[in-house]
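Each chain is listed here by its residues.
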Amino acid sequence: MLLINCPLCGPRAQAEFNFERPVETIIGVDVPTAELVERLYTRTNARGPSAELWRHARGCRAWLRIERHTVTHVIASVAVWEPQS
Amino acid sequence: MRGYSAWALLRGGLGGHRHWRPAWRSPEPRKQYDVIIIGGGGHGLATAYYLAKHHRVSVAVLERAWLGGGNTGRNTTIVRSNYRLPAYQALLEHSLKLWEGLSDELNYNVMFSQRGALFLGHSDSDMTRLAERGDALRCAGIDAELMTREAVAKLVPLLDMSDKARFPIAGGMIQRRGGTARHDAVAWGYARAADALGVDIIQQCEVTGFAISGGRVTGVETSRGAIEADRVGIVVAGNSGHVAGLAGLRLPVESQLLQAFVTEPVKPMIDTVIMSQSVHCYISQSDKGEIVLGGDPDQYPTYSQRGVPMRIEEVAGQAIGLVPALSKLRMLRSWAGTTDMTCDGGPIIDETPIANLHINGGWCYGGFKATCGSGWVFAEQLATGDVHPLARPFSLDRFATGAMQDEAAVGPMPNHR
């Protein structure tokens, strides 16, 4: 189980968090259809570093950007999500 | 290939069992094959077998590690065809019919046991949905039987049928032709039969890249050298995203873990497969006597094959809620397999945008039951270049065209299945 260091709450167990989606699949409101399909439905799905949107759903409920390795589970960074980031 | 039989076993026993030979060869890879199959799991080996049996082509199966060491040996061994959507019904029923003759077909006992696949209903709305699915199945010629609460209690006496049950049981629906099979035997049986038909099965051979020229694949780079081929099939579910990535492709797939658990072995106590319309926990008893349990995926992307402990607690809690006697048992082992979770829950069986490079993956957490049918349709695809009619609904472009095969009806999120 991951130990996720929430910037607002401190280190908490993964059980408090929900994975939402890879950052690359977040789409703007007015993107063209082709880009929408590409970004909504396809994934790099790297065996390696991955940037993801998580939510501290059973904690402070903040949306978080987490950079994480999908094989070793090492977490490189956790930051409160800012849409422009 | 020497046939396995009771007579051969008896004769071998009289000779001190010195007659046993390796069940398949371990050849050096040749420079060129008509077809290369990447992935020596059940689906890849089934594909190789049906290719060799039905088509006159030279075939190699390349496996990074050992046969059946991925999801083929990590699933909960359940086989059934009682899905709701017609595309799944057609493919999985074709598969189930192949399961029914598989041990004879392969001369290898895959221990297919049609002990029934029971779905529990916990409310009036569960029962309505089960009845609706059962009607759809029977219209498609697939067996389904709605069961009253009393019939369910008689079939599985250890279920908690009390007023205070954590998951009250209103009834159920059973597919009597469903059941379980010995998953390792499926890989080994297909491997042995394919080898006997001339297929080269090459283990410890990792694909590290593709030879692509003019938009066509012409072979693969491997840890044991380059191999040319007219057609290449990727059958590496769990790692589809990674292997397709070696060819520069991105898929509608997220790799997540699915865990399974077994208890210590006990005398027979559950002689069917218990699933549920509302609780995501499935229970069966292996031939060794272990209670085999499974539940939801871990719901975040990882290739680690290490499951999260909170899922153990959840599945154990649900299982004990359904069958309180399980609380007396000790859990022996838990493990995880990396599954391809797709954006609609359905597999992907198609030619990729790179000509002659085909893919069969995206089986989410339901690939084992499809092993035979998946191999059957993919063999035809690799032999002819045309996707088999049963596989056409599972095309790569269905996400762009909107022709999703969303059995769970939960939308385009791999982690919400």
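Predicted model only: the values in this text are computed from it and were never measured.

Asks: What is the right way to look at the overall build of chain A in this model?
Replies: A tally of regular secondary structure across chain A gives one helix and six strands. Going from N to C terminus, chain A has its helices and strands arranged as β-β-β-α-β-β-β. In terms of overall dimensions, chain A has a C-alpha envelope of 40 × 25 × 20 Å along the principal axes. Per-residue burial for chain A yields a buried fraction of 38% across its 85 residues. Summed over its atoms, the accessible surface of chain A is roughly 4,500 Å², and 56% of this surface lies on carbon and sulfur atoms. Of the charged side chains in chain A, 10 are positive and 9 negative, and the gap between their average positions amounts to 7 Å.

Asks: What am I meant to see in the environment of Thr371 of chain B here?
Replies: Residue and element names in this part refer to chain B. Within the element layout of this structure, Thr371 appears in helix H10 (residues 371–384). Taking the relative accessible area as the measure of exposure, Thr371 reaches 2% and is therefore buried. Discounting chain neighbours no more than four positions away, the residues touching Thr371 are Gly42, His43, Ala46, Ser95, Trp99, Val186 and Tyr190. Engagement of the side chain of Thr371 in a polar contact is seen with the backbone oxygen of Phe368, the distance being 2.6 Å.

Asks: Would you mind going over the packing of aromatic side chains with me for this structure?
Replies: Two aromatic rings, taken as a pair, are described by how far apart their centres are and by the angle between their planes. Residue and element names in this part refer to chain B. Considering all chains together, one arrives at 13 aromatic pairs over all chains under this definition. Judged by centre distance (5.7 Å) and plane angle (55°), the rings of Tyr49 and Tyr190 are tilted. Here the residue Tyr49 occupies a position in helix H2 (residues 42–54), and Tyr190 occupies one in helix H7 (residues 183–196), the gap between them amounting to 141 residues. Taken individually, Tyr49 and Tyr190 each receive the classification buried, so the pair is uniform in this respect. With centroids separated by 5.3 Å and ring planes inclined at 55°, the aromatic side chains of Trp99 and Phe368 adopt a geometry described as tilted.

Asks: Please explain the nonpolar core as it appears in this structure.
Replies: A general trend in soluble globular proteins is that nonpolar side chains are found buried together. Within the largest apolar cluster, 50 residues are counted, with the highest numbers of intra-cluster contacts made by Ile37, Tyr50, Trp99 and Tyr190 of chain B. Sorting the residues of this core by element identifies strand S1 (32–38), H2, strand S2 (59–62), helix H3 (86–100), helix H4 (102–106), H7 and H10 of chain B as the ones contributing at least two each. In this structure, Val37 and Leu40 of chain A together with Ala229 and Leu357 of chain B belong to the second largest nonpolar core, which totals 31 residues.

Asks: Help me understand the interface of chain B and chain A, please; the structure alone is not making it clear to me.
Replies: Tallying the contact residues gives 30 residues for chain B and 26 residues for chain A. In total, chain B and chain A occlude about 2,400 Å² of area from one another, counting both sides; carbon and sulfur atoms represent 51% of this. Of all residues in chain B, the largest losses of buried area upon contact with chain A belong to Arg250, Tyr300 and Tyr303 of chain B, amounting jointly to 28% of the total for that side. The tally of links from chain B across to chain A stands at three salt bridges. Put simply, chain B and chain A have 16 residue pairs in polar contact (both at pLDDT 80 or more) between them. Going through the elements one at a time, helix H8 (240–246), strand S12 (253–263), strand S15 (291–301), helix H9 (309–322) and helix H11 (398–401) of chain B are the ones with two or more residues in the side of chain B that touches chain A.

Asks: What exactly am I supposed to notice about the packing of H2 of chain B against H7 of chain B here?
Replies: Angle between the axes and distance between the axes: these two values describe a pair of packed helices. All names here are of chain B. One way to put it is that H2 packs onto H7 with a least axis distance of 8 Å and a crossing angle of 30°. By the criterion of interaxial angle, the relationship of H2 to H7 is roughly parallel. Where H2 crosses over H7, the handedness of that crossing is left-handed. Residues Gly42, Leu45, Ala46, Ala48, Tyr49 and Tyr50 of H2 form the contact with H7, whose participating residues are Ala187, Tyr190, Ala191, Ala193 and Ala194. Here the contact of H2 with H7 is composed, by residue class, of ten nonpolar, one polar and no charged.

Asks: Explain the domain arrangement of chain B to me, please; I cannot follow it from the model alone.
Replies: Bring the parts together and some accessible area is lost; that lost area is often taken as the interface size. Residue and element names in this part refer to chain B. We note that the domain assignment places domain 1 (28–81 + 84–108 + 183–254 + 344–416) and domain 2 (117–178 + 256–337) within chain B. Put simply, the middle of domain 1 and the middle of domain 2, counted by C-alpha atoms, are 28 Å apart. Each partner contributes to the roughly 2,100 Å² buried at the junction of domain 1 and domain 2, and carbon and sulfur atoms together form 55% of this total. As a salt-bridge pair, Glu93 and Arg177 come within 2.8 Å of each other at their nearest N and O atoms. Every element with two or more residues in the side of domain 1 that touches domain 2 is listed here: strand S3 (78–79), H3 and H8. For the side of domain 1 that touches domain 2, the element with the most residues is H3, which contributes five residues. Its residues assigned to classes, the side of domain 1 that touches domain 2 comprises five nonpolar, eleven polar and seven charged.

Asks: What should I look at first to understand H10 of chain B in this one?
Replies: The α-helix winds at 3.6 residues per turn, so residues separated by three or four positions along the chain end up facing the same way. Residues and elements named next belong to chain B. The first and last C-alpha atoms of H10 sit 20 Å apart over 14 residues, in line with the 20 Å expected at 1.5 Å per residue. Taken across its 14 residues, H10 has ten buried, putting it largely inside the fold. The set of residues buried in H10 consists of Thr371, Cys372, Gly373, Ser374, Gly375, Val377, Phe378, Ala379, Gln381 and Leu382. Once H10 finishes, Gly385 follows within two positions and takes phi at roughly 85°, a positive value.

So, how was this worked out
The residue numbers shown here count from 1 along each chain, following its written sequence. Both sets of labels track the order of writing: A upward for chains, 1 upward for ligands. Only residues with pLDDT of at least 70 get local features here, since the model is predicted, and only at 80 or more are side-chain atom pairs given and counted; chain-wide, interface and lining totals rely on the full set of residues. To get the side-chain values, take all heavy atoms of the structure and skip hydrogens and water. Segments assigned H or I by DSSP are reported as helices when at least four residues long, segments assigned E as strands when at least two residues long, and all are numbered from the N terminus. For every residue, the accessible area obtained with a 1.4 Å probe (protein chains only) is divided by the maximum for its type, and the residue is called buried under 20%, exposed over 50%, and partly exposed between those limits. Calculation of accessible area relied on Shrake-Rupley with a 1.4 Å probe; when residues are assessed, cover is drawn exclusively from the protein chains displayed. Under the convention used here, Asp and Glu are negative, Lys and Arg are positive, and both His and the chain ends fall outside the count. For the purpose of locating charges, the reference atoms are NZ of Lys, CZ of Arg, CG of Asp and CD of Glu. The criterion used for residue contact is that any of the two residues' heavy atoms lie within 4.5 Å. Counting of polar contacts relies on pairs of N or O atoms within 3.5 Å, with two restrictions inside protein: one atom must be capable of donating a hydrogen and the other of accepting it, and residues adjacent in sequence are counted only when both atoms are side-chain atoms. Between the rings of Phe, Tyr and Trp (Trp by its six-membered ring), a pair exists once the centres lie within 6.5 Å; its type follows the angle of the planes, with under 30 degrees stacked, over 60 edge-to-face, and the other angles tilted. By nonpolar core we mean a set of buried residues, namely Ala, Val, Leu, Ile, Met, Phe, Trp, Tyr and Cys, connected to one another through side-chain atoms within 4.5 Å. Note: buried area is the sum, over both parts, of the accessible area (probe 1.4 Å) each one loses when the two are combined. Salt bridge, as used here: a side-chain nitrogen of Lys or Arg that lies within 4 Å of a carboxyl oxygen of Asp or Glu. Comment: axis = line fitted to C-alpha atoms, over the contacting stretch for helices; angle = value between 0 and 180 degrees taken between N-to-C directions. Small angles under 35 degrees read as roughly parallel and large ones over 145 as roughly antiparallel, with 65 to 115 read as roughly perpendicular and the rest as oblique. It is the rotation of the near helix from the far one that decides the hand of a crossing: anticlockwise by less than a right angle makes it left-handed, clockwise makes it right-handed. Classification used: nonpolar for Ala, Val, Leu, Ile, Met, Phe, Trp, Tyr, Cys and Pro, charged for Asp, Glu, Lys and Arg, polar for all others including Gly. An automatic or database domain assignment supplies the residue ranges for each domain. A helix is expected to span 1.5 Å multiplied by its residue count minus one.

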